[in-house]
Amino acid sequence: MARAMDFRAQKVVTKSNDTNSWLKHIGKLGLPLQLLLKSYQFLVVWVDVSVLLVKTYFALIQSILCFILPSRRKNLSTEVAVVVGSSRGVGRELAYKLGKLHSTVICIDVQSPDDEIVSKDIQMDGGNAFYFQCDVTNREHVEHTISKIERDIGGISMLYHCCSIPSPRSVVTNPPSVKDTLDVSVTSYFYLLEAILPHMKSVGRGHIIFLTSVAAISGFTQQLALSVSQFAIQGLYESIVEELRISKNDKKIKTTLVHIYPFIISENLSQDIRFRVPGFFGSIRADVAADKIIDGVRQNATEISIPSYCLYISQVMKIMPRKVTLMLREFLDTGVDF
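*Asks:* So what exactly am I meant to see when it comes to the pattern of salt bridges here?
*Replies:* A side chain of one charge can pair with a side chain of the opposite charge when the charged atoms of the two come close. For the structure on display, the rule yields ten salt bridges. Note that Arg 73 is salt-bridged to Asp 295, the shortest N-O span being 2.5 Å. Pair noted here: Arg 73 is in the loop between α2 (31-68) and β1 (80-84) and Asp 295 is in helix α9 (residues 286-298), with a separation of 222 residues, a long-range link. A relative accessible area of 30% places Asp 295 in the partly exposed class. Taken together, the shared-partner salt bridges connect Lys 148, Arg 151 and Asp 152 into one network.

*Asks:* Looking at this structure, I do not really get the pairing of β1. What am I missing?
*Replies:* Along any regular strand the residues' side chains alternate between the sheet's two faces. Of all five residues in β1, five are buried; the element is thus mostly enclosed. By the alternation rule, side chains of β1 split into Val 80, Val 82 and Val 84 and Ala 81 and Val 83, which are all buried. Alignment of β1 against strand β2 (residues 104-109), held across five bridges, turns out to be parallel. When the bridges of β2 are listed, Val 82 appears paired with Ile 106. Taking the sense of rotation as the criterion, the β-α-β connection linking β1, helix α3 (residues 89-100) and β2 turns out right-handed. Sheet topology places β1 next to strand β4 (residues 158-161); four bridges connect them, and they run parallel.

*Asks:* Help me understand the sheet that holds strand β3 (residues 128-133) in this model?
*Replies:* Sheet strands pair by backbone hydrogen bonding; their relative direction is either parallel or antiparallel. What the seven strands build is an open sheet, ordered β3-β2-β1-β4-β5-β6-β7; its pairing is parallel. Since the sheet does not close on itself, it has two edges, and those belong to β3 and β7 (303-306), each with one partner. Each neighbouring strand pair of the sheet contributes to a mean axis angle of 20 degrees, computed without reference to strand direction.

*Asks:* Teacher, can you tell me more about the packing of α3 against α9 here?
*Replies:* Helix packing geometry: the angle between the two helix axes and the distance between the axes. Axis separation between α3 and α9 bottoms out at 8 Å; the angle between their running directions is 60 degrees. The orientation of α3 relative to α9 falls into the category oblique. Crossing handedness for the pair α3 and α9: right-handed. Touching Gly 89, Val 90, Glu 93, Leu 94, Lys 97 and Leu 98 of α3 are Ala 286, Asp 287, Ala 290, Asp 291, Ile 293 and Ile 294, all from α9. A breakdown of the residues in the contact of α3 with α9 according to their chemical character gives seven nonpolar, one polar and four charged.

*Asks:* Looking at this structure, how should I read unusual backbone geometry?
*Replies:* Comment: phi is negative for the bulk of residues other than glycine, and the bulk of peptide bonds are trans. A positive phi angle, close to 70 degrees, is found at His 102, a residue other than glycine. Even without glycine at this site, Asn 300 takes up a positive phi of about 55 degrees. Secondary-structure assignment places Asn 300 in the loop between α9 and β7. A relative accessible area of 30% places Asn 300 in the partly exposed class.

*Asks:* Just checking my understanding: could you explain the packing of helix α6 (residues 178-203) against helix α7 (residues 224-246) for this structure?
*Replies:* Where α6 contacts α7, the axes come no closer than 9 Å and their chain directions differ by 15 degrees. With respect to their mutual orientation, α6 and α7 come out roughly parallel. Our pair here, α6 against α7, has a crossing hand that is right-handed. Across the interface between the two elements, Val 178, Thr 181, Leu 182, Ser 185, Val 186, Tyr 189, Phe 190, Leu 193, Leu 197 and Lys 201 of α6 pack against Ala 225, Leu 226, Val 228, Ser 229, Gln 230, Ala 232, Ile 233, Leu 236, Ile 240, Glu 243 and Leu 244 of α7. Split by residue class, the contact of α6 with α7 holds 15 nonpolar, four polar and two charged.

Cut-offs applied
- Residues numbered from 1 in each chain as written.
- Predicted model: local features only at pLDDT ≥ 70, side-chain atom pairs only at ≥ 80, totals over all residues.
- Heavy atoms only, no water.
- Salt bridge = Lys/Arg side-chain N within 4 Å of Asp/Glu carboxyl O.
- Helix = DSSP H or I, 4+ residues; strand = E, 2+ residues; numbered from the N terminus.
- Buried < 20%, exposed > 50% of the residue type's maximum accessible area, 1.4 Å probe, protein only.
- Pairing = 2+ DSSP bridges.
- Right-handed = clockwise from strand over helix to strand, strands pointing away.
- Axes fitted to C-alpha atoms, helices over the stretch in contact; angles between N-to-C directions.
- Parallel < 35°, antiparallel > 145°, perpendicular 65-115°, else oblique.
- Left-handed = near helix turned anticlockwise from the far one by under 90°.
- Contact = heavy atoms within 4.5 Å.
- Nonpolar A, V, L, I, M, F, W, Y, C, P; charged D, E, K, R; others polar.

Written out as structure tokens, the structure reads:
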């Protein structure tokens, strides 16, 4: 052991000495050779920058063409789609829509199987659906449930996590505890991704849909934990995208970030949420929102918002001075900051 350590230490010292001697040798080169070396370095950088500019140009052209001529929507009939939080709201509507598109729908929620109706409704309509009761804030429950799904039904190819979406009423009522909010919205994401991503990577196929609210752009007033959780989901999305890129899986495993504006997915909340400019936002039902989400997923969109124009507004606001964004919020005065 001592000899091995001595050998490694000697190897490091030798390598360091070689590097120092090489640097000294470069310093002793004549002016012509130094200029040649500098020219070579400049050429390498210039080629890399040129390639980057060309790729950027074609990427912009591709984005413009996709905006003008939307790409062909992919078929979801072969997908095994997990919908977490399928008992209500957008999650329920997503499960119904996926069932109509002939996907194998895996409904996951905490309610008792006897009380669950979404998967049963899909089955009655001729779809293929299953229900699993699971507390997604518990790592062991998640691992057991995902293992059972993969063993009994097949590998999961799509994930919709809908538990983290705040309802319109939730942003104007007393929030749950900080721990409960972060566990449901963020911690459960880690458990699900740890259980599902390995299979997606092994088969080289998958699509993860990150659903978050407008709070991921700027936050809610008096809803600190909720705002933090929404920011965290967006950060998790960015981290997963980078991880897939580094592991060369970004072409095979798709990701979509969805911003949902909670005050426009409503039924009868006129007494809860005010609009200074009512016609500017309007209202969108959960089933319509689900349609827009699935449409974006079928086009492999990387980021969408509901309504769609709010995505461009939020992007413009990011480059505006803070004072301008605050004035815009005061002008709209929706009752829910965005």
